[in-house]
Amino acid sequence: MATISKPWSPITATTYTTTKTPSPVSPPPSFAVTLAGTSSLSKLAASSSLSFTQSPLPRPLVVRCAGSGGNGSPTKRTTLHELYEKQGQSPWYDNLCRPVTDLVPLIESGVRGVTSNPAIFQKAISSSDAYNEQFRELVQSGKDIESAYWELVVKDIQDACILFESIYDETDGADGYVSVEVSPRLADDTKGTVEAAKWLHKWVNRRNVYIKIPATAPCIPSIQETIANGISVNVTLIFSLSRYEAVINAYLDGLEASGLDDLSRVTSVASFFVSRVDSLVDKLLEKNGSPEALNLRGKAAVAQAVLAYQLYQKKFSGPRWEALVKKGAKKQRVLWASTSVKNPAYSDTLYVDPLIGPDTVSTMPDQALQAYIGHGTVARTIDSNVSEAEGVYNALEKFGIDWSYVGNQLEVEGVESFKKSFDSLLVTLQQKADSLKLVSL
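Here the structure is a predicted model, which is why all the values come from computation and not from measurement. (Residues numbered from 1 in each chain as written. Predicted model: local features only at pLDDT ≥ 70, side-chain atom pairs only at ≥ 80, totals over all residues. Heavy atoms only, no water.)

Caption draft 1: Focus on the confidence of the model for the protein. Summary statistics for the protein give a mean pLDDT of 87 and a share of 82% for residues scoring 70 or more. Contacts from residues 51–60, a stretch scored under 50 in pLDDT, to residues over four places away or in other chains number 28 contacts. Note that pLDDT drops below 50 for residues 66–74; the model gives that stretch 34 contacts with residues more than four away or on any other chain. (pLDDT = per-residue confidence, 0-100. Contact = heavy atoms within 4.5 Å.)

Caption draft 2: The nonpolar core, seen in detail. Within the largest apolar cluster, 131 residues are counted, with the highest numbers of intra-cluster contacts made by Leu103, Tyr149, Ile157, Tyr244 and Trp336. Take this core: its biggest share by element is 14 residues, from helix H6 (residues 145–170). Apart from residues no more than four positions distant in its own chain, Tyr149 is found in contact with Pro118, Phe121, Ile125, Phe422, Leu425, Leu426 and Leu429. (Core = buried A, V, L, I, M, F, W, Y, C linked by side-chain atoms within 4.5 Å. Buried < 20%, exposed > 50% of the residue type's maximum accessible area, 1.4 Å probe, protein only. Helix = DSSP H or I, 4+ residues; strand = E, 2+ residues; numbered from the N terminus.)

Caption draft 3: Structural context of the layout of surface pockets. By volume, the largest pocket amounts to about 540 Å³. Lining the largest pocket we find 26 residues, and of these Asp94, Asn117, Ala119, Ile120 and Pro365 sit closest to its centre. Among the secondary structure elements, those contributing two or more residues to the lining of the largest pocket are helix H4 (118–126), strand S4 (233–238), strand S5 (268–273), strand S6 (333–337) and helix H16 (403–435). Take the lining of the largest pocket: its biggest share by element is four residues, from H4. Along the lines of polarity and charge, the residues of the lining of the largest pocket split into nine nonpolar, 11 polar and six charged. (1 Å grid on protein atoms, 1.4 Å probe; cavity = no way out; pocket = protein on both sides within 12 Å on 5 of 7 lines; lining within 4 Å. Points joined across faces, edges and corners; volume = space filled by probe spheres on them. Nonpolar A, V, L, I, M, F, W, Y, C, P; charged D, E, K, R; others polar.)

Caption draft 4: Layout of the packing of aromatic side chains. Evaluation of the coordinates by the stated rule reveals 16 aromatic pairs. Note on Trp199 and Trp203: the rings are 5.1 Å apart at their centroids and 55° apart in plane angle, and the pair reads as tilted. On the criterion of helical spacing, the pair formed by Trp199 and Trp203 is a turn pair, its members being four residues apart in helix H7 (residues 190–204). Assessed through its relative accessible area of 6%, Trp199 is described here as buried. For the pair Tyr393 and Trp403, a centre-to-centre distance of 4.3 Å together with 5° between the ring planes defines the contact as stacked. Here the residue Tyr393 occupies a position in helix H15 (residues 386–398), and Trp403 occupies one in helix H16, the gap between them amounting to 10 residues. When sorted by exposure, Tyr393 lands in the same class as Trp403, which is buried. A connected cluster of aromatic rings, assembled from ring pairs, spans Tyr149, Trp150, Trp199, Trp203 and Phe422. (Phe/Tyr/Trp six-rings, centres within 6.5 Å; stacked < 30°, edge-to-face > 60°.)

Caption draft 5: Quick look at the sheet that holds S5. What the seven strands build is an open sheet, ordered S1-S7-S6-S5-S4-S3-S2; its pairing is parallel. The open sheet is flanked by strand S1 (89–93) and strand S2 (178–181), the only strands paired with a single partner. Averaged over all neighbouring strand pairs, the angle between strand axes comes to 30°, with direction disregarded. Strand direction decides the pairing type here: S1 and strand S7 (residues 360–364), joined by five bridges, are parallel. (Pairing = 2+ DSSP bridges. Axes fitted to C-alpha atoms, helices over the stretch in contact; angles between N-to-C directions.)

Caption draft 6: Structural view of unusual backbone geometry. Following Arg98, the chain continues to Pro99 via a peptide bond in cis, the omega torsion being 0°. Tracing the chain through its elements places Pro99 in the loop between S1 and helix H3 (104–108). The backbone of Asn205 shows a phi angle near 55°, a positive value even though the residue is not glycine. Structurally, Asn205 is set in the loop between H7 and strand S3 (209–214). Residue Asn205 is classed as partly exposed on the basis of its relative accessible area, which comes to 24%. A positive phi angle, close to 55°, is found at Ser338, a residue other than glycine. Here Ser338 shows up in the loop between S6 and S7. Assessed through its relative accessible area of 11%, Ser338 is described here as buried.

Caption draft 7: The arrangement of empty space enclosed by the protein in detail. The final tally for this structure, using the stated rule, is one cavity of 30 Å³ or more. The volume enclosed by the largest cavity comes to roughly 60 Å³. As for the largest cavity, its lining consists of 13 residues, and the residues nearest its centre are Asn117, Pro118, Tyr149, Trp150 and Glu181. Residue assignment for the lining of the largest cavity shows that the elements contributing at least two residues are H4, H6 and S2. Looking at which element gives the most residues to the lining of the largest cavity, the answer is H6, with three residues. Of the residues in the lining of the largest cavity, the class split is nine nonpolar, three polar and one charged.

Caption draft 8: Expanded view of H15. Between its first and last C-alpha atoms H15 spans 19 Å; for 13 residues at 1.5 Å apiece the expected length is 18 Å, and the two agree. Residues Val386, Ala389, Val392, Tyr393 and Leu396 constitute the buried set of H15. One side of H15 holds all its buried residues, which, seen down the axis, span an arc of 125°. Summarising the geometry of H15, the exposed residues directed more than 90 degrees from the buried face are Ser387 and Lys398. Structurally, H15 contributes buried residues whose contacts are with helix H9 (241–257), helix H10 (275–288), helix H12 (300–315) and H16. (Expected span 1.5 Å × (residues − 1). Arc of directions from axis to C-beta.)

Encoded structure:
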């Protein structure tokens, strides 16, 4: 069995520069993707290692994790464009796999950023042969399994960052981000998380990368220190209002501690998870069993998210925030995560439509993205009925819902889920290496 290296060790970090050339460990492949009509994205063929070809056959607007080919989806204006232009909410895509240029039709259809996590990479790498060539070269060069994992991940992140650079530039750093998460094994390691964030930020070496850090109690100080070091952060796994407030405070504290005269390039999003809240609360309501309790099913997640937006507006106003704005600080936008519907009885846009508001992000996996493009709402809804959200939130407490328990339990489950995906992928990679007879048992 190959050894596992520390996830923040400087693995070939010096081979990455500010150019758009991926690691020399793996020669840049040629990708194929359909572009309908003339697009600024096609100019990437001349300015980066990513190349594009034309294909006349339209296909569904869903990324296929495959070894070759592209989506071939025709470009047209969609509700995603209207969502951003009319309501100020940025639609992001919650998925990443190879070929990375399969993202191009999504970008042309209005997607403005990408989020990833260990579960996404576990699915992408274990279910596709698109990573085999680079993985083979890495192991043959002497890389251990975890080092090889990070090489595969970083290459995808770097290539995706190239695709979103134009959006980053057009919005002066407000959009166009690609997120990569530190090892989930560090969720309880304050110092280790900071070191991992620095390491990933240096290695990826792209202006539009977000380093994802979980909002666990031990990582709140990590968020503050990482921001203070001038590194932009996507704070993930936020499940409660109290933890969300701690995340905002960490961002503000970090900006103030940075010592920077220009804060405009240090940005952040706070990923507030939605659907998982209903998954847990609904089970608790069903245990109660009363008609009144059952009537509250499917309402907890949106209600809490609406109140989170109220907290966002409150925290990013007033003298303290205005002092930071004078130095160029940008709001830590709230990002709605976990937007796919888990209960088939609910509307497939339940966790998107009611949470539309300015200066927010909604990251959507395939299911939610297709549903929203097909029949989503384009209207400001996030604060259309705050009193109702407050009523639901308080009513749930009366039926025995302990919001602190809900937040803590979902955080534990989220961290464990990502650890499981991470560990499972390392086992899969080891087995793949063994099957290729590259590493001895």
